[in-house]
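Breakdown of the fold
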Amino acid sequence: MTESNFKTSVPSDVAAAFYAWPLWGRLGWEDTKLRYRRSILGPLWLTIGTAIMVVGMGMIWSILWGMNVAEYFPYLAAGFITWQWISAGIIEGTRTFSDQARLIQSFPLPLPVHSFRLCVKLFIGFAHNLLVFIGIAIIFSVPVTAWTWAFVPGMVIIYLNCLWVSLLLGIIALRYRDLTNILEVIMGLMVFLTPIMWKVEMLGSKQFVADLNPFTHYIAIIRSPLLGEAPTMLSYGVTLSLTAGGCVLAYQVFKRQRAHIAFWI
Amino acid sequence: MAHLECKNVTIRYPVLDARSASIRNKLISIGTGGILEKNSKNLVYITALKDISLSLKDGMSVGIVGHNGAGKTTLLKALAGIYEPSLGSLQREGRVATLLDIHLGIEEDLTGYENIRRIGLLRGIPRAKIKDAIPDIEEFTELGDYLSLPTRTYSLGMRTRLAFAIATMTRPDILLIDEVFTTGDSHFQKKAEARMKAQLSLAQIVVFASHSERQLRMLCNKCILLDHGSLVAFGDTEDVLKLYENKGPV
């Protein structure tokens, strides 16, 4: 087998990265485990941290909004854990390659491996946070309907978005290091501008403002099913188009910049 | 059959955070390092390798010599496929393994066994082969039950044993080595040397960057002399080393 330039084509590079799943699966899990090394509860701290946040925020905000706790708590929990996943994907996505500088310069791995690894870690984080929602759903007996299972395709959509976002932002942030800081600020603002702690209906006649925000739809495709409701077709339309467009864009950028990644680090 | 071919390989990359304003000349060739250049947009470029053409075939054991920053490690990394050439092309036939920084990738909060699996996967070794290599690593490192403990409990010598055993767990066709690492007690030193020799004799092509002329004479039948990223000479070890000595260290 002769390899020209060792990395024959971009599609085969992506395929090789995918087939290296024992590697990125393991690294993603080890990232989670090592973050909580030597603590007694380990990654369960993720769950506990989120539980405390949700309960704390839920108690005050349900009073502020004058909302029934049994309605507000599941709504907040489902939205908040989804937000954490999305927000971590965007912020940590900017560090996909810069955090792995030493590995990239020492092992000739197919580069998308680093993006896959991050996505595994982020998904493990979400899975831990999901326990918080499940606990709250049991306490407040959130109904399980036919739509509940739609949270699975919702997770698939968000997972796919983590892949392209971490690949794209990972590359851009190597060249423009300020991106991480900019996005941290933006995401800190968006958590308030996105219907997570409040509901779209509260905007009255100005609901379109929330619909213009893509995060509204990304949150809805997981939150609505978890609450036993159907997400709108608009939400599926927006998220699926952005997923497709984002994958194409990230692939094109990766194709052009792949050779530079090892040098920009 | 293994084969490595470089055709006019140039590696040139921008230094993104350099304050180009402070670099006055358009082209600077200083004592060490690759050639610095400044383009019209004031971006600083380093040319780490310049127009390298090489053909390495079965049975070649090639040393790379040159002063600090001459491009020895960059050449090894290009041959490994870590750096893509900016210009020119590379062709390779055969499985390649690198011995660059053997300690890299070892996570001190993971056990010895976990590190074996982790680094094996990072080196692209299939899971089944990693499993097969474990008894050999156990035997070589003599670490016994320590392999089930986090590596942070190891002494420096023990870590080196483990890192070395992991780095040499496969038998590649092409072996790329950066310097030679030597730590640990004399008993381990002998074992390591024997293991290294076995690796070298099984590999069809060895490329070895080093400052030690003794090691180069012992291990290499050919040598490459690099200077500021350019290939100055490629020939028999003795001839190239003589040339290098005459040029004198920069």
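Residues numbered from 1 in each chain as written. Chains lettered and ligands numbered in written order. Predicted model: local features only at pLDDT ≥ 70, side-chain atom pairs only at ≥ 80, totals over all residues. Heavy atoms only, no water.

So, the environment of B:K57
Residue and element names in this part refer to chain B. Rule in force here: Counting from the N terminus, the helices are the DSSP runs of H or I reaching at least four residues and the strands are the DSSP runs of E reaching at least two. Relative accessibility under 20% of the residue-type maximum defines a buried residue, over 50% an exposed one, and the middle range a partly exposed one, all with a 1.4 Å probe and only protein chains included. Whether two residues are in contact is decided by their heavy atoms: any pair within 4.5 Å suffices.
Position of K57 among the secondary structure elements: in strand β4 (residues 44-57). According to the relative accessible area criterion, K57 is partly exposed, its value standing at 44%. Linking K57 and I166, residues 109 residues apart in sequence, is a C-alpha distance of 27 Å. Those residues in contact with K57 that sit more than four places away from it in its chain are A2, H3, Q204 and I205.

Describing empty space enclosed by the protein
What counts here: In this analysis the probe radius is 1.4 Å and the grid spacing 1 Å, with only protein atoms considered; a cavity is a set of points the probe fits into but cannot get out of, a pocket is an open set with protein on both sides within 12 Å along at least five of seven lines, and lining residues have an atom within 4 Å of a point. Grid points are joined across faces, edges and corners, and a volume is the space filled by probe spheres set on the points. In this count, Pro and Cys sit with the nonpolar residues alongside Ala, Val, Leu, Ile, Met, Phe, Trp and Tyr, while Asp, Glu, Lys and Arg are called charged and the others, Gly among them, polar.
Inspection of the entire model under this criterion finds 4 cavities of 30 Å³ or more. By volume, the second largest cavity is sized at about 70 Å³. Of the residues assigned to the lining of the second largest cavity, the class counts are 8 nonpolar, 2 polar and 2 charged.

Looking at the pairing of strand β10 (residues 222-227) of chain B
Residues and elements named next belong to chain B. Going by this rule: We call two strands paired when DSSP finds no fewer than two bridges between them.
Across the 6 residues of β10, 5 count as buried, placing the element largely inside the fold. In this structure, strand β5 (residues 60-65) lies alongside β10, joined through 4 bridges in parallel fashion. Opposite I64, over in β10, you have I224 as the bridge partner. Judged from the 6 bridges that link them, β10 and strand β11 (residues 230-236) form a sheet pairing that is antiparallel. Bridge assignment links I224 to a residue of β11, and that residue is F234. From the end of β10 to the start of β11, which pair antiparallel, there are 2 residues, and H228 there has a positive phi angle of about 50°.

Digging into the nonpolar core
The line we're drawing: What is meant by a nonpolar core is a set of buried Ala, Val, Leu, Ile, Met, Phe, Trp, Tyr and Cys residues, joined one to another through side-chain atoms within 4.5 Å.
Of all hydrophobic cores here, the largest spans 101 residues; its most connected members are B:I11 and B:L75. It is helix α4 (residues 69-93) of chain A that provides the largest number of residues to this core, a total of 14 residues. Those residues within four positions of B:I11 in sequence are excluded, and the remaining contacts are A:F263, B:I46, B:T47, B:A48, B:L49, B:T74, B:A78, B:Y83, B:E84, B:P85 and B:S86. Counting residues in each nonpolar core, the second largest holds 55 residues, with A:I124, B:A203, B:C223 and B:V240 among its members.

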